[in-house]
Amino acid sequence: MTDSSIIGRFAPTPSGPLHFGSLVTALASFCQAKSQQGKWLIRIEDVDTPRNVEGSTDDILFALETFGFEWDGAIEYQSQQFEKYQSVLAGLLARGDCYACECSRRSLRKAHAQSGRLGLIYPGICRDKNLNQAGHSIRVNTASSGITDFVDQVYGSVTLDIEQQLGDFVLRRADGIFAYHLAVVIDDERQGINQIVRGADLLEATCLHLFLQQLLGYQTPDYLHIPLVRNQQGDKLSKQTGATAIQVDRKIPLLIKALEILSQPVDNQMQAASAAEILQSAVESWNHGNIEIPPGDIY
Ligand code: GLU
């Protein structure tokens, strides 16, 4: 039975195959939605087209299917939403909430822009220049952001002073590519997503999403961030750190390992079960309150 009031999603970036870290996120988001009789959607986050690796989307979907995941509705692609992103951005520009900026990373370094946890802190250089949009990036004015905070279901209270710690951030790059932060906020609203489960590398960036949701008059979903799975050197598993594609022929031990990482119950019978049976049992016994933040975790 599906109670359509809960809608979760898994939103992989097709920049490489599914690796173990993304399997853990997929499993957590699936269990969180399905344990509440909700829907679980798949959205392919291919907004940053130059980063997309051909074949990755098929690889990811094949791996998810092999691991027994079933999603609700049609798969959505950010690359098919550019008109929507553009019209939302045009609205923000018309209201004076955004402005064109000619600064490059290089010129910002020259201007001694400081580095914060989320990147270079933009010192507002172009805020009042009234530049043409063509060939320039578009930034959102964060003067009204104040202190943004939310309560994450795993990490608890998270706070960010956006203007001080990041400054006006980019919503569309000079090369015309829409920023992930804009795309994700528009898509989650458009698709009615009200439960977001994803990796803790986006924990603080969530404050940017809350700020944009408020600016656009959108609902704010519930957030649950999963501690990152790290390799032996302590790096986040990702394509950049050489994480390898998940081995589909080891799906049972890998599902069990993913459940262990999420501190969910596992039992001996799972060794002989199918992937679908393990998922079913994981949904039935899912308790997100069991998820532990590893000592020293800094997202
Ligand atoms: N596309 C992001 C990733 O693959 C996830 C973003 C999200 O879940 O909001 O890391």
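What comes next is a walk through the structure. (Residues numbered from 1 in each chain as written. Predicted model: local features only at pLDDT ≥ 70, side-chain atom pairs only at ≥ 80, totals over all residues. Heavy atoms only, no water.)

Here the focus is the packing of aromatic side chains. Enumeration according to the criterion identifies nine aromatic pairs in this entry. Ring geometry for Phe 30 against Phe 69: centres 5.3 Å apart, planes inclined by 85°, an arrangement best described as edge-to-face. Remark: Phe 69 occurs in the loop between α2 (56–66) and β3 (76–77) and Phe 30 occurs in helix α1 (residues 20–34); sequence separation between them is 39 residues. Residue Phe 30 is classed as buried on the basis of its relative accessible area, which comes to 8%. Residue Phe 69 is classed as buried on the basis of its relative accessible area, which comes to 2%. Both rings, one in Phe 82 and one in Tyr 85, keep their centres 6.1 Å apart while their planes meet at 45°; by these two values the pair is tilted. (Phe/Tyr/Trp six-rings, centres within 6.5 Å; stacked < 30°, edge-to-face > 60°. Helix = DSSP H or I, 4+ residues; strand = E, 2+ residues; numbered from the N terminus. Buried < 20%, exposed > 50% of the residue type's maximum accessible area, 1.4 Å probe, protein only.)

If you check the backbone angles, Gln 37 has positive phi at about 55° while not being a glycine. Positive phi values are uncommon outside glycine, yet Asn 130 reaches one of about 55°. If you trace the backbone, Asn 130 turns up in the loop between β6 (119–120) and β7 (137–140). A relative accessible area of 76% means that Asn 130 is categorised as exposed.

Take the packing of α1 against helix α9 (residues 275–285) next. Put simply, α1 and α9 touch, their axes get as near as 8 Å, and they point 60° apart. In terms of axis orientation, α1 runs oblique to α9. Once α1 is placed against α9, the crossing between them reads as right-handed. Across the interface between the two elements, Leu 27, Phe 30, Cys 31 and Lys 34 from α1 touch Leu 279, Ala 282 and Val 283 from α9. Across the contact of α1 with α9, the residue classes break down as six nonpolar, no polar and one charged. (Axes fitted to C-alpha atoms, helices over the stretch in contact; angles between N-to-C directions. Parallel < 35°, antiparallel > 145°, perpendicular 65-115°, else oblique. Left-handed = near helix turned anticlockwise from the far one by under 90°. Contact = heavy atoms within 4.5 Å. Nonpolar A, V, L, I, M, F, W, Y, C, P; charged D, E, K, R; others polar.)

The next thing to look at is the environment of Ser 274. Relative to the assigned elements, Ser 274 resides in the loop between α8 (251–261) and α9. Along the sequence, Ser 274 and Phe 67 sit 207 residues apart, while their C-alpha atoms lie 9.1 Å from each other.

Attention now goes to the nonpolar core. In this structure, Phe 20, Leu 23, Leu 27, Leu 64, Phe 69, Phe 169 and Leu 171 are the most contacted members of the largest nonpolar core, which totals 83 residues. By residue number, the principal contributor to this core is α1, which donates nine residues. When sequence neighbours within four positions are dropped, the list of residues in contact with Phe 20 reads Val 229, Leu 237, Ile 246, Leu 254, Lys 257, Ala 258 and Ile 261. Membership of the second largest hydrophobic core comes to eight residues, among which are Cys 101, Cys 103, Leu 120 and Cys 126. (Core = buried A, V, L, I, M, F, W, Y, C linked by side-chain atoms within 4.5 Å.)

Each regular strand shows side chains that alternate between the opposite faces of the sheet. Going residue by residue along strand β1 (residues 7–10), you find Ile 7 and Arg 9 tucked away on one face and Gly 8 and Phe 10 tucked away on the opposite face as well. Two elements, β1 and strand β2 (residues 39–44), share four bridges in a ladder whose sense is parallel. Residue pairing across strands places Arg 9 opposite Leu 41, the latter belonging to β2. A crossover links β1 with its parallel partner β2, the connecting element being α1, and its sense is right-handed. Both β1 and strand β11 (residues 195–199) contribute to a ladder of two bridges, which runs parallel. Within the sheet, the bridge partner assigned to Arg 9 lies in β11 and is Ile 196. (Pairing = 2+ DSSP bridges. Right-handed = clockwise from strand over helix to strand, strands pointing away.)

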